[in-house]
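Each chain is listed here by its residues.
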Amino acid sequence: MSNADRHGLIAQTVRESGRATVQELAGLTGASEMTIRRDLDTLAAQGVLERVRGGARTLLLRGEEPPFALRARDAVDAKRRIAAEVSSLIADGESVLLDSGTTCLEVAHLLRGRPVTVMALSLQAIHVLGEGPGPATLMVPGGRPRAAEGALTGPLTLASLAALRFDTAVMGCCGLSATEGLTAYDLDDAAVKKAGIASTRRVIVAADGSKLGHTAYAHVGPSALLRTLVTDTSAPPAEVSALEDMGIVVKTV
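Below is a short write-up of the structure. (Residues numbered from 1 in each chain as written. Predicted model: local features only at pLDDT ≥ 70, side-chain atom pairs only at ≥ 80, totals over all residues. Heavy atoms only, no water.)

## Focus on the packing of helix α8 (residues 155–162) against helix α9 (residues 187–198)
Here is step 1 of the chain: At a minimum axis distance of 9 Å, the contact between α8 and α9 shows a crossing angle of 10°. Looking at the two axes, α8 sits roughly parallel to α9. Facing T157, L158 and L161 of α8, the residues of α9 in contact are A191, V192, A195 and G196.
Here is step 2 of the chain: In the contact of α8 with α9, the residues fall into 5 nonpolar, 2 polar and no charged. (Axes fitted to C-alpha atoms, helices over the stretch in contact; angles between N-to-C directions. Helix = DSSP H or I, 4+ residues; strand = E, 2+ residues; numbered from the N terminus. Parallel < 35°, antiparallel > 145°, perpendicular 65-115°, else oblique. Contact = heavy atoms within 4.5 Å. Nonpolar A, V, L, I, M, F, W, Y, C, P; charged D, E, K, R; others polar.)

## Observations concerning the sheet that holds strand β11 (residues 181–184)
Here is step 1 of the chain: Sheet architecture is open: 3 strands sit in the order β10-β11-β13, paired in antiparallel fashion. What marks the edges here is a single partner per strand, and that holds for β10 (175–177) and β13 (218–221). Going from strand to strand, the sheet's axes swing by 30° on average, the running direction of each strand aside.
Here is step 2 of the chain: Looking at chain direction, β10 and β11 are connected through 3 bridges and run antiparallel. By the bridge assignment, G175 is partnered in β11 with T183.
Here is step 3 of the chain: Contacts between α9 and the sheet are confined to β11 and β13, with β13 contributing the most and set at about 5° to the helix. (Pairing = 2+ DSSP bridges.)

## A few points about the sheet that holds strand β2 (residues 50–52)
Here is step 1 of the chain: In space, the 3 strands of this open sheet follow the order β1-β3-β2, with antiparallel pairing throughout. Looking at which strands have only one partner, the edges of the open sheet turn out to be β1 (19–21) and β2. The average undirected angle you get between the axes of adjacent strands in this sheet is 25°.
Here is step 2 of the chain: Both β2 and strand β3 (residues 55–57) contribute to a ladder of 3 bridges, which runs antiparallel. Across the sheet, the residue bridging to V52 is G55, located in β3.
Here is step 3 of the chain: Lying over the sheet, helix α3 (residues 33–45) contacts β2 and β3, oriented at roughly 140° with respect to β2.

## Considering the nonpolar core
Here is step 1 of the chain: The biggest cluster of nonpolar side chains holds 32 residues, and the ones touching the most others in it are L161, L176, V205, L229 and L243.
Here is step 2 of the chain: Those elements that provide at least two residues to this core are β9 (166–171), β11, α9, β12 (200–206), β13 and α10 (237–245).
Here is step 3 of the chain: Setting aside residues up to four positions removed in sequence, L161 forms contacts with L97, M119, L121, F166, V192, A195, G196 and S199.
Here is step 4 of the chain: In terms of nonpolar packing, the next biggest core, distinct from the first, is built from 23 residues, I82, V107, A108 and V116 among them. (Core = buried A, V, L, I, M, F, W, Y, C linked by side-chain atoms within 4.5 Å. Buried < 20%, exposed > 50% of the residue type's maximum accessible area, 1.4 Å probe, protein only.)

## Examining helix α5 (residues 76–88)
Here is step 1 of the chain: With 13 residues, α5 ought to run about 18 Å at 1.5 Å a step, and its terminal C-alpha atoms sit 19 Å apart, in line with that.
Here is step 2 of the chain: Looking at α5, one finds that the buried residues are A78, K79, I82, A83, V86 and S87. (Expected span 1.5 Å × (residues − 1).)

## So, the pattern of salt bridges
Here is step 1 of the chain: Applying the stated criterion across every chain yields a total of 12 salt bridges.
Here is step 2 of the chain: Where R114 meets D92, a salt bridge forms, and the shortest distance between an N and an O atom there is 3.0 Å. Placement of the pair is R114 in the loop between α6 (102–111) and β5 (117–120) and D92 in the loop between α5 and β4 (95–98), with a sequence separation of 22 residues.
Here is step 3 of the chain: Owing to a relative accessible area of 16%, R114 belongs among the buried residues under this scheme.
Here is step 4 of the chain: A relative accessible area of 52% means that D92 is categorised as exposed.
Here is step 5 of the chain: Put simply, R146 and D186 hold a salt bridge, and the shortest N to O gap is 3.9 Å. Taken together, the residues span a long stretch of sequence, with R146 in the loop between β7 (144–145) and β8 (152–153) and D186 in the loop between β11 and α9 at a distance of 40 residues.
Here is step 6 of the chain: Its relative accessible area of 17% is what places R146 among the buried residues.
Here is step 7 of the chain: Put simply, D99, D189 and K193 are held in one network by salt bridges that share partners. (Salt bridge = Lys/Arg side-chain N within 4 Å of Asp/Glu carboxyl O.)

The following block contains the structure:
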């Protein structure tokens, strides 16, 4: 098991069970207890979990958004497949609004090599799109980055979105369902998503299957606002069918 796979399994186990001991994690991964202790120290430094005597515990309360560092380790292969499909739906020359979040960050890596204009709504995506020479044209909004997340929010971000019109908005989400629509954990983030959707001709939502059927507390808008959903094979079939019945094109990768 590689370091990355072991870290991902440890993070998932602690998140799902609330806490885990070094001995339990060693038995689960097949690694030595010394290796597990080093892993836990590394993950704690990244804000993924909290180190406690004899093991680790989750940092999350019920209903909280998982930290960016933790989400970045989840469903990596699925997110890359989703990003590839999203990129294929965008034509050269388009103006693109790119939302914050880990799946949209994977999209940023692909758009950097495309002749498109991209306004990115997170510091992480801005960094990727601004790396070295590339055909993509980067636009940077104003705003204040949310701590740890890097997502840009606030009046300056909203003003930047109101001043422009985009061909396509690639949006992430914390939850999406046919009945509850698009939702987020953070009210400021929800406001930015609403403004972004209002400034574009079409909306593509990029979300792995864990987001479907889930509802966070900050409402962004009804599902009818979406043109296309790109998700992966873990998406609940009933939820996919319900969204398709609303006229949304669902692409499963």
